[in-house]
Each structure stands twice: as C-alpha cells, then as structure tokens.
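Below are the chains, spelled out letter by letter.
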There are 2 protein chains.
Amino acid sequence: MRENGSHKSGEVALEFDAWFQCINGCSGRYELNEVIYNCPHCGDLLEVTHDLERLKKRSAEEWKNLFDERYRRHDWPYGSSVWGKKELVCPNVDNDNIVSTYEGGSNLFWAERLGQQLGLEELWVKQCGMAHSGSFKDLGMTVLVSMVKQMRTEGQDIKAVACASTGDTSASLAAYCAVAGIPAIVFLPRNKISMTQLIQPITHGVMTFSLDTDFDGCMKIVKSICQEKEIYLANSMNSLRLEGQKTISFELTQQFDQEVPDFIIVPGGNLGNVSAIGKGYEMMYELGIINKLPRLVCAQAERANPLVRSFKRGFKSFKSIQARKTLASAIQIGAPVSVKKAIRALQKFDGIVEEATENELANAAGRANKTGLLCCPHTGVALAVMEKLLKRGVIKKNHRVVVISTANGLKFTDFLVKYHSNTLRGVEPECLFKPYELPADESRIRQTINEALDGNLTV
Amino acid sequence: MRENGSHKSGEVALEFDAWFQCINGCSGRYELNEVIYNCPHCGDLLEVTHDLERLKKRSAEEWKNLFDERYRRHDWPYGSSVWGKKELVCPNVDNDNIVSTYEGGSNLFWAERLGQQLGLEELWVKQCGMAHSGSFKDLGMTVLVSMVKQMRTEGQDIKAVACASTGDTSASLAAYCAVAGIPAIVFLPRNKISMTQLIQPITHGVMTFSLDTDFDGCMKIVKSICQEKEIYLANSMNSLRLEGQKTISFELTQQFDQEVPDFIIVPGGNLGNVSAIGKGYEMMYELGIINKLPRLVCAQAERANPLVRSFKRGFKSFKSIQARKTLASAIQIGAPVSVKKAIRALQKFDGIVEEATENELANAAGRANKTGLLCCPHTGVALAVMEKLLKRGVIKKNHRVVVISTANGLKFTDFLVKYHSNTLRGVEPECLFKPYELPADESRIRQTINEALDGNLTV
C-alpha cells in the first residue's frame with residue numbers, strides 16, 4: 001500500500017501513474033507491483049486506476065497523434081498496439097521488462113458479403129484471434145507477464161505464475177512465460193477444452209494440470225494455491241490484464257479514423273473483456289479523444305447465461321449458476337469473476353445482454369465461414385446475438401456494428417469437423433458441406449465438376 | 001498477347017506496368033489478365049515482369065517513404081502490406097477489384113531465448129502464419145483472386161478457380177474466393193494433410209476433392225482440368241501468386257529499418273516461396289532501396305529433398321523424385337513447379353540447400369516451442385537446417401538470421417500431440433511434456449507443485 005497520490009519514498013515520480021484501487025470505492029491505493037488481488041476492506045476486486053489529471057495534460061490531439069505515430073511501427077516496444085498506448089495502459093513497467101509479441105493490430109475485417117446476406121451495411125469483425133497464441137488474451141497477458149518480470153527483476157520472490165483457464169488464457173500465459181523464461185502453472189478442466197488448447201501450454205513446457213472439474217472448480221483451486229504470495233495469480237481477477245484488453249477500444253478508434261461504432265458485440269464468459277472494452281471507451285471519452293460511446297452487447301451461450309438472467313431482472317441481482325456444457329467452451333462459466341465491472345460498463349453504455357442456443361451459435365458460425373471467415377464457437381455466439389438484435393430491429397440496417405472475434409478458428413476445428421459431419425447434439429447444420437472422396441480418376445472428377453458447374457458451384 | 005511495351009489498343013496506359021514473360025527468355029509478352037500459364041514457344045513457366053525503367057522514375061527514398069506511409073494504415077487497400085506495394089506487385093488491378101484480408105504485417109519475432117540457447121545473437125522468426133487463413137499463402141492469393149475478380153468484372157467467362165494443394169494453398173484460395181463470392185475447386189491428397197487443413201476449404205463452402213494420390217498426383221489432375229479456360233489455375237505455376245509472396249522481402253526490409261539480414265531460411269517444397277523472396281530482394285536492389293543481398297537458404301525435408309540432391313551436384317541437373325511421407329506435409333513434394341526459378345534465385349543469392357530428418361525437424365520445433373513459439377513442422381525444418389548451418393560454422397554467432405515460419409502452428413496440433421506423447425515414428429522427442437491428470441483435490445495438487453518447485457519448475 002502507498003500514500004495516496006505518491007509512490008513509495010525513494011522511487012522516482014513517474015510522468016504518468018496508475019495504481020490498484022477497490023472497485024467499491026474503499027479507501028487505499030496499492031502499487032501495481034504489489035501481490036494483491038482483492039480489497040483488504042471488503043474483499044471485492046481491485047481495478048487499475050489511472051491518474052487522469054496527469055493524462056489530461058496532453059490534449060486529445062496529442063494522444064491521437066502519438067498513438068498513430070507508434071501504431072504497427074518497429075520502435076520497441078511501441079509497435080505493439082498495447083504498448084503503443086503504454087501511458088494509458090501501464091506506465092509503471094520499465095520498457096526493459098516488457099514481454100511482448102507485437103500485440104494487437106489485428107484486422108478489422110469488413111464482412112461485406114455476410115452483411116449483405118443479413119441486410120446490414122456495415123458489419124465488421126475484429127479479428128482478435130490473429131495473435132501470437134491465437135486469442136485476444138495476449139492483449140492482457142503481455143501486461144501481466146511484463147509486470148511479473150519487473151517484480152522478479154526488483155527482487156520479489158515470485159516462483160511461478162498460475163491461472164485457471166478454459167483454454168485461451170492458459171495458452172497465452174504459457175506462451176508469454178515461455179518467451180520470458182518465467183515458470184508457469186495452468187489448471188484446465190479435463191475433457192472440456194479442445195485438444196489444440198490443451199497442447200499449447202504443454203508444448204510451451206509449463207506445468208499443466210488437467211483436472212476432473214469445470215472451469216469454476218479450477219478457479220477455486222488456483223485462488224487457493226495463489227494465497228501463497230510466491231505463486232502469482234494470472235486470472236482476470238488480477239485486473240492488470242484488463243488494462244491490456246481495453247486497447248481493443250483504442251485500436252477500433254484508430255481503425256475507424258476516430259469514429260465510434262454504434263454497436264460492439266462481445267462474447268461473455270468471465271466478463272473481463274466486455275468490462276475492459278467499456279473501460280477503454282470511457283477513458284477515451286474522458287480524455288476527449290472521442291465524443292460519443294458505442295452500445296455494448298454482451299453475448300452469452302444460453303447454456304452458461306448468468307448475466308442474461310440478471311439483465312432480465314434489470315441487473316437488480318446477480319446469481320451464479322452451474323454452467324452447462326456448451327460448444328462455446330471458453331465462455332462456459334457460471335460464476336464470472338468480473339461481473340460487477342461488466343454490469344457497471346453495460347449500464348453506462350446502454351448495454352444489452354443476449355444469448356444464443358447451440359443451434360444458433362453453430363449456424364451463425366457456419367454462415368459466416370461460408371463468406372470467408374473461420375469462426376470459433378464464441379464468435380458464433382456473438383454473430384448469432386447480432387442476428388437476433390437485427391431481426392428485432394434493435395440493430396438497424398445502417399448501423400455500424402463490430403463483432404469481437406475472440407479466438408482463432410484454427411483452435412476449434414473439431415467443432416467445424418463435427419458441424420459439417422452433422423454430429424453436434426442439438427445442432428441442425430444449415431451448411432452441410434462434405435469433401436468428394438474419389439480415386440485420382442480424371443474422367444470421374446471432370447464429370448463431378450461438370451455436374452456442379454451445370455448446377456451452382458457455390459454450395 | 002500484346003505488342004511489346006504497350007497495352008492492347010483502347011486501353012489507358014498505366015503509370016506502372018507488368019506482364020507475363022517466359023522464364024527462358026522466349027519472345028512474347030502476355031497481359032496479366034490473360035488465361036495463360038506457360039510459354040507457347042517452349043512450354044516452360046511464365047513470370048511476371050515489371051517495367052523497371054518506369055519504376056526507377058521514383059527514387060529509392062520515394063519508394064521507401066511511400067511504403068512506410070501506407071504500412072498497416074487504414075487507407076484501403078494500402079494498409080495490406082501486399083497492396084501497400086501495389087506498384088511493384090501488380091499495378092494492373094483496379095482497387096475496386098482487390099480482395100484483401102489485410103495481408104502481411106506479421107510479427108518479426110525476436111527469438112531471444114532460443115537464440116541464446118543456440119548461441120546466436122540475432123535470431124528472428126517471421127511469423128507468416130499469423131494470417132487470415134493461417135499461412136503465408138495469403139500473400140500471393142490476394143493478388144491472384146483480385147486478378148480473377150478483375151477478369152470476371154471485365155466479362156471473361158471464368159466459372160471457377162482451382163488448385164492442387166498440400167493444405168495451405170487450398171485453405172487460402174477457399175477463404176479468398178469465399179470472401180469474393182467466386183466459386184473454387186480444390187484438390188487435396190487424401191489422408192496426407194491435417195484435419196484442420198481439410199476442414200478449411202469445406203467450411204468455406206468450396207468444392208473439395210480428397211483424392212487417393214499425393215500432391216504431385218493432384219497437381220497433374222488440376223493442370224489437366226484447367227486446360228479448359230473457364231477454370232482458372234491458382235497453383236504457383238501461375239506466377240501472379242509469387243508477386244504477392246515477394247512482399248515478405250519488402251516487409252523484412254521495413255522491419256529491419258532498411259537493413260538486410262545475413263541469412264534467410266525458407267522451407268522448400270514447391271519452391272515458389274524461395275523464388276519469390278529472392279525476386280523481392282532483387283527488385284529492391286535494382287531500385288536502390290537496398291545495397292546488399294542476403295544469403296538464401298532453402299530447407300527441405302530429407303524425405304522430400306529433390307533440390308538438396310541437385311544442390312549437391314552444383315545444380316548441374318535436377319531430377320524429380322517420389323516424395324516420401326514426412327511430418328512436413330506441406331513440403332512433401334517431389335516434382336516442384338518453381339524449381340528453375342528457385343535455382344536461379346539461389347545462384348544469385350549465394351544460396352544453400354540443406355535438409356532435415358524427421359527427428360531433427362520435430363525436435364527443432366519442440367525446442368523452439370519451449371521458448372514460446374508454436375511451430376508447424378515446416379518451420380521445424382527451417383529451424384533444424386539453421387541449427388546445422390550454425391554448427392557447421394556457415395552461420396556465425398553474430399550473423400543476423402531470419403527463419404521464415406510459413407504456417408500457423410495451430411494448423412498442426414496433431415503433430416504436437418503426437419510429439420509430446422512420443423508416438424511419431426522416427427522421432428525421439430527431447431521435450432517430453434505431459435499434463436498432470438488429477439482429481440480436483442487441492443492437497444494433492446499442492447504437493448505436486450511443491451515437489452516441482454523444489455526441483456525446477458521449468459521442465
């Protein structure tokens with residue numbers, strides 16, 4: 001803990017500053033290099049708070065120009081789209097300690113054909129899965145692992161970094177720790193994640209526990225293990241990660257030439273991402289970089305929908321549930337850690353929470369893939385929810401809509417294989433494509449093609 | 001065919017110009033929108049030739065500044081790192097016809113830890129697999145599919161685009177055609193590519209043939225099918241693709257602030273990529289953008305090594321072989337299409353051709369993954385060859401070395417699963433990591449961790 005407004009004696013004052021603070025407003029500020037995840041007064045989550053007054057000393061124009069100058073250039077570490085916004089993300093890390101894989105800068109894909117098919121003029125898919133470890137988690141993990149490197153460099157006894165995961169977090173933590181040479185421990189629910197997601201931490205050589213429980217069970221265990229300060233907790237209860245994730249908002253603003261879209265649709269499980277995106281837009285709004293806010297939509301799987309239930313009660317209460325098995329395994333979470341932050345963000349951003357069934361999410365992904373995307377099931381959830389809001393008239397034809405694609409579809413090819421072979425329970429595939437398995441017999445092949453050409457080759 | 005030096009009458013002269021021309025120097029120039037793949041005189045490959053004199057009217061400095069201004073910005077289509085070099089790639093396509101997924105700009109990963117372990121100060125891995133369809137093939141496919149869109153717009157009767165593939169080409173072709181709404185047909189060798197690679201064209205809804213033959217057999221069939229002009233050939237015999245792929249060189253030059261590395265190591269199967277990278281450097285050299293050339297290294301799997309055999313004979317002759325089954329399935333090619341172009345490039349660039357066994361490629365990938373990379377088997381081939389040249393003293397400690405990582409490791413997780421479970425024939429895994437499969441019993445987990453912490457947690 002530190003005195004309000006100042007660093008511990010002996011430290012040089014930073015030009016910019018950030019600290020941990022209780023989300024419920026309890027007193028107390030804590031350094032970002034302290035091992036602390038919860039408020040000592042009320043036990044609730046902490047959040048990273050930035051000294052906005054110092055940040056406001058630069059004009060909106062100056063920030064915009066600075067970010068644009070750095071964007072995707074090669075000046076370490078600012079070419080990373082996370083560290084290109086370092087002052088607003090984590091000014092307290094020395095550049096020497098930054099562990100980066102050139103995060104962000106992912107394509108904002110204009111889904112022109114899909115939009116046309118659905119009757120939406122401006123549908124954009126933010127391809128966050130085009131990342132080192134294949135998901136948006138890298139955006140936050142670079143901040144957390146960099147801070148751990150800094151703490152170890154400063155002499156703190158952190159023996160390992162640990163997380164519970166539905167697959168993407170562990171892959172990201174493992175990759176960054178392997179890059180930095182820091183030991184890591186990951187806890188995964190057995191048989192509930194894809195083989196691709198399981199092999200990532202294994203091949204990075206980190207300690208991988210595959211446990212007979214679900215994500216919420218893994219979370220309980222990692223929280224207990226991390227009571228010992230020498231094992232540092234990397235889950236999103238550790239709000240350092242949200243600081244990196246919020247750069248999705250900064251980047252969308254750059255990619256839309258400072259304009260703000262009408263709707264942003266984010267798959268929601270642990271609810272860190274929707275909170276982070278909200279926080280990013282809020283910060284830009286306060287700094288005058290933008291002058292309106294988007295509507296945020298949190299998209300949940302119907303089989304893991306605690307926030308949908310709370311939304312229907314006007315957010316008057318929230319109850320954890322037992323999440324049921326869903327294809328959208330990364331958001332199969334019944335007791336989301338960041339629920340308070342998410343509700344706060346959704347209330348500020350005129351937010352909506354909506355759900356998608358297994359059939360809806362799989363077919364939304366199938367339809368999108370036919371137009372050249374390669375969606376993970378969670379992106380399917382977001383797309384299905386977008387379609388619902390469009391049908392319902394909440395999203396209108398001329399709205400500019402961004403769907404956040406959270407992970408690389410290559411991580412979930414099992415899902416696609418099963419979809420196209422019609423073996424997913426509860427799913428009636430609309431896009432049933434199969435390969436033609438033939439001997440290398442030219443005349444048979446030619447005949448097959450000619451028949452197709454006479455019909456319509458695009459299936 | 002057109003008159004030398006001028007477009008067909010009636011067309012507006014382009015500020016810059018490019019055309020097809022025979023690689024053996026036979027007379028004749030052909031428009032890039034003609035359906036022609038081979039020289040009508042000698043039957044050999046064509047290549048895209050640029051009007052260098054026109055390009056030289058701009059100074060090296062002007063080109064450099066133009067490319068840098070556009071690099072990863074949001075001005076369509078120049079934010080794509082391929083189209084950001086449009087004048088040097090394919091000036092003949094109208095921007096309206098460009099089909100792009102924001103190609104290039106992939107991380108040039110500084111493999112600091114791996115380099116340290118191997119005793120190499122500057123080891124860089126160009127992450128070409130961080131692409132829309134998960135491989136470097138997108139760089140070329142955007143050019144080819146854009147040209148097809150242009151030809152169709154101009155009224156040419158092209159009913160479909162076809163390719164034979166070892167997996168990555170078909171995934172890329174399928175994605176781009178799905179984005180553009182153009183029918184596609186792909187030919188894949190049955191049971192010789194990963195399930196992930198097979199599902200990509202299927203989910204994009206293109207006509208997918210899974211044939212009982214190998215790549216060379218698929219190639220034979222597609223060539224025959226494409227005799228009919230209404231089915232356009234997308235294999236790298238079609239040299240339009242190489243024009244996009246050569247931007248790897250342009251981009252490396254930008255990423256190294258106009259410096260040229262000492263060695264570039266490229267996995268080699270059909271040999272288009274090594275040819276393209278050579279062509280890119282050559283073009284920059286002629287335009288004065290760089291003033292030295294890198295040494296090119298082509299890395300082949302020992303089980304599919306026709307170019308290694310030719311290199312050992314001083315390139316005096318080249319014989320196709322029957323490629324044997326290798327983990328590096330994307331380069332399991334015995335009759336490489338671009339062999340002449342590759343040999344020409346390697347001779348100009350003081351090139352080397354070297355091979356890696358199954359054991360070498362798998363363990364090179366395993367070691368790299370332990371330092372945070374996620375290598376496909378082909379990247380493993382390149383890394384293994386790099387290690388060999390380092391041991392042999394050809395590559396020295398202080399050389400700057402770039403390894404081209406051609407595909408996303410997420411496409412080849414089967415390989416990693418088998419590697420870490422020690423079920424790959426001919427491979428003795430050095431990095432045998434396994435998950436701890438346990439019930440969610442905290443005390444047992446804690447004990448396991450403590451034992452590991454007492455030992456060495458990084459495996």
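Residues numbered from 1 in each chain as written. Chains lettered and ligands numbered in written order. Predicted model: local features only at pLDDT ≥ 70, side-chain atom pairs only at ≥ 80, totals over all residues. Heavy atoms only, no water.

Moving on: the packing of aromatic side chains. Tallied over the entire structure, the rule returns 18 aromatic pairs over all chains. Centre to centre, the rings of Phe67 of chain A and Phe250 of chain A are 6.3 Å apart; their planes meet at 15°, and the pair counts as stacked. Taken as a pair, Phe67 of chain A in helix 2 (residues 60-70) and Phe250 of chain A in helix 10 (residues 247-255) lie far apart in primary sequence, 183 residues in all. Here Phe250 of chain A falls in the buried class, since its relative accessible area comes to 2%. Taken together, a centroid distance of 5.6 Å and an interplanar angle of 55° make the contact between Phe16 of chain B and Trp63 of chain B tilted. With Phe16 of chain B in the segment before strand 1 (18-22) and Trp63 of chain B in helix 2 (residues 60-70), the pair connects residues that are 47 residues apart, well separated along the chain. Here Phe16 of chain B matches Trp63 of chain B in class, with each residue buried. Aromatic rings pair up to connect Phe16, Trp63, Phe67 and Phe250 of chain A into one cluster. (Phe/Tyr/Trp six-rings, centres within 6.5 Å; stacked < 30°, edge-to-face > 60°. Helix = DSSP H or I, 4+ residues; strand = E, 2+ residues; numbered from the N terminus. Buried < 20%, exposed > 50% of the residue type's maximum accessible area, 1.4 Å probe, protein only.)

Right, let's get into the UniProt feature "modified residue: N6-(pyridoxal phosphate)lysine" (unreviewed entry) in chain A. All names here are of chain A. Residues annotated in UniProt with the feature "modified residue: N6-(pyridoxal phosphate)lysine" (unreviewed entry) correspond here to Lys137. The residue Lys137 is located in helix 5 (residues 137-153) in this model. Every residue in contact with Lys137, bar those within four places of it in the chain, is listed here: Asp168, Thr169, Ser172 and Arg241. (UniProt positions renumbered as here; feature names shortened; annotations may be inferred. Contact = heavy atoms within 4.5 Å.)

Mapped onto the present numbering, the UniProt feature "domain: Tryptophan synthase beta chain-like PALP" (unreviewed entry) falls on residues 99-406 of chain A. Between the end C-alpha atoms of residues 99-406 of chain A there is a gap of 21 Å, over a span that is 43% helix and 17% strand.

The next point concerns the side chain of Asp216 of chain A. Residues and elements named next belong to chain A. Residue placement: Asp216 occurs in helix 8 (residues 215-225). Despite its burial, Asp216 pairs with no opposite charge, the nearest such side chain being Lys223 at 9.0 Å. Every residue in contact with Asp216, bar those within four places of it in the chain, is listed here: Ile333, Gly334 and Ala335. (Lys, Arg positive; Asp, Glu negative; His and termini not counted. Salt bridge = Lys/Arg side-chain N within 4 Å of Asp/Glu carboxyl O.)

Moving on to the sheet that holds strand 4 (residues 108-110) of chain B. Residue and element names in this part refer to chain B. Taken together, the six strands give an open sheet; going across it, the order is 4-5-13-10-11-12, and neighbouring strands pair in mixed fashion. Each of the sheet's edge strands pairs with one partner strand only, and the pair in question is strand 4 and strand 12 (352-356). Between one strand and the next, the sheet's axes are offset by a mean angle of 25°, whatever the strand orientation. Sheet topology note: the strand 4/strand 5 (residues 122-127) ladder contains three bridges and is antiparallel. From the neighbouring strand, Leu108 faces strand 5, where its bridge partner is Lys126. (Pairing = 2+ DSSP bridges. Axes fitted to C-alpha atoms, helices over the stretch in contact; angles between N-to-C directions.)

Formed by 319 residues in total, the largest nonpolar core has its most connected members in Phe187 of chain A together with Phe187 of chain B. Residues contacting Phe187 of chain A, with those up to four places away along its chain left out, are Ala162, Cys163, Ala164, Ser165, Phe209, Leu211, Cys218, Ile221, Val222 and Ile225 of chain A together with Ile445 and Ile449 of chain B. (Core = buried A, V, L, I, M, F, W, Y, C linked by side-chain atoms within 4.5 Å.)

Residue and element names in this part refer to chain B. Taken N-terminus to C-terminus, the directions of helix 11 (residues 272-286) and helix 13 (residues 339-348) make an angle of 45°; their axes are 8 Å apart at the nearest point. Our classification of the angle between helix 11 and helix 13 gives oblique. Along this stretch, helix 11 crosses helix 13, giving a crossing that reads as left-handed. Contacts between helix 11 and helix 13 involve Val274, Ser275, Gly278 and Glu282 from the first element and Lys341, Ala342, Ala345, Leu346 and Lys348 from the second. Among the residues making up the contact of helix 11 with helix 13, the classes are represented as four nonpolar, two polar and three charged. (Parallel < 35°, antiparallel > 145°, perpendicular 65-115°, else oblique. Left-handed = near helix turned anticlockwise from the far one by under 90°. Nonpolar A, V, L, I, M, F, W, Y, C, P; charged D, E, K, R; others polar.)

All right, on to helix 11 (residues 272-286) of chain A then. All names here are of chain A. Over its 15 residues, helix 11 runs 21 Å from end to end, which matches the ideal 21 Å to within 8%, given 1.5 Å per residue. In terms of burial, helix 11 is largely enclosed, as 12 of its 15 residues are buried. Among all positions of helix 11, only Gly272, Asn273, Val274, Ser275, Ala276, Ile277, Gly278, Lys279, Gly280, Tyr281, Met283 and Met284 are buried. Within two residues after helix 11, Gly288 carries a phi angle of roughly 80°, on the positive side. (Expected span 1.5 Å × (residues − 1).)

All right, on to the relation of the copies chain B and chain A then. Mapping chain B onto chain A calls for a screw motion: a turn of 180° about the axis and a shift of 0.0 Å along it, with 0.0 Å RMSD after fitting. The transformation relating the two chain copies, once decomposed into turn and shift, fits a two-fold axis. A high fraction, 100%, of the interface residues of chain B reappear at the interface in chain A, so the copies pair face to face through one surface. (Least-squares fit on C-alpha atoms with pLDDT ≥ 70 in both.)

The next subject is unusual backbone geometry. In this structure, the amide linkage connecting Trp76 of chain A to the following residue, Pro77 of chain A, adopts the cis form with an omega of -10°. Tracing the backbone through its elements, the reader meets Pro77 of chain A in the loop between helix 2 and helix 3 (86-89). With a phi angle near 60°, Asn191 of chain B is a residue other than glycine that sits in the positive phi range. Inspection of the secondary structure puts Asn191 of chain B in the loop between strand 7 (184-189) and helix 7 (195-203). Here the phi dihedral of Leu271 of chain B falls at roughly 75°; this positive angle occurs in a residue that is not glycine. Classification of Leu271 of chain B by relative accessible area gives buried; the value is 2%.

By a frequent convention, interface size equals the accessible area lost on bringing the separate parts together. Facing 83 residues of chain B, the contacting portion of chain A comprises 83 residues. Counting each side, the surface lost to burial between chain B and chain A is near 7400 Å², with a carbon and sulfur contribution of 65%. Counting every contact that joins chain B to chain A gives four salt bridges. Its salt-bridge partner being Glu228 of chain B, residue Arg446 of chain A comes within 2.2 Å of it at the nearest N-O pair. Counting across the interface, chain B meets chain A through 38 residue pairs in polar contact (both at pLDDT 80 or more). If one sorts the elements of the side of chain B that touches chain A by residue count, helix 17 (residues 442-454) of chain B sits on top with seven residues. Residues of the side of chain B that touches chain A, tallied by class, amount to 39 nonpolar, 27 polar and 17 charged. Sheet topology places strand 8 (residues 207-212) of chain A next to strand 14 (residues 436-439) of chain B; four bridges connect them, and they run parallel. Paired with Leu211 of chain A across the bridge in strand 14 of chain B is Leu438 of chain B. (Buried area = accessible area lost by both parts, 1.4 Å probe. Polar contact = N/O pair within 3.5 Å; in protein donor to acceptor, adjacent residues only side chain to side chain.)

What follows deals with helix 17 of chain B. Taking 1.5 Å as the rise per residue, helix 17 of chain B with 13 residues should run 18 Å; its terminal C-alpha atoms sit 18 Å apart, in good agreement. Of the residues making up helix 17 of chain B, those classed as buried are Ile445, Thr448, Ile449, Ala452 and Leu453 of chain B. Buried residues of helix 17 of chain B, seen end-on, are gathered within an arc of 135° and therefore sit on one face of the element. Opposite its buried face, helix 17 of chain B presents the exposed residues Ser443, Glu451 and Asp454 of chain B, each directed more than 90 degrees away. Buried positions along helix 17 of chain B lie against strand 7 (184-189), strand 8, helix 8 and strand 9 (231-233) of chain A together with strand 14 of chain B. (Arc of directions from axis to C-beta.)

The five strands lie next to each other as 9(A)-6(A)-7(A)-8(A)-14(B), forming an open sheet whose pairing is parallel. The sheet is open, and its two edges are formed by strand 9 of chain A together with strand 14 of chain B, each paired on a single side. The average angle at which neighbouring strand axes cross in this sheet is 25°, direction not considered. Alignment of strand 6 (residues 160-164) of chain A against strand 7 of chain A, held across four bridges, turns out to be parallel.

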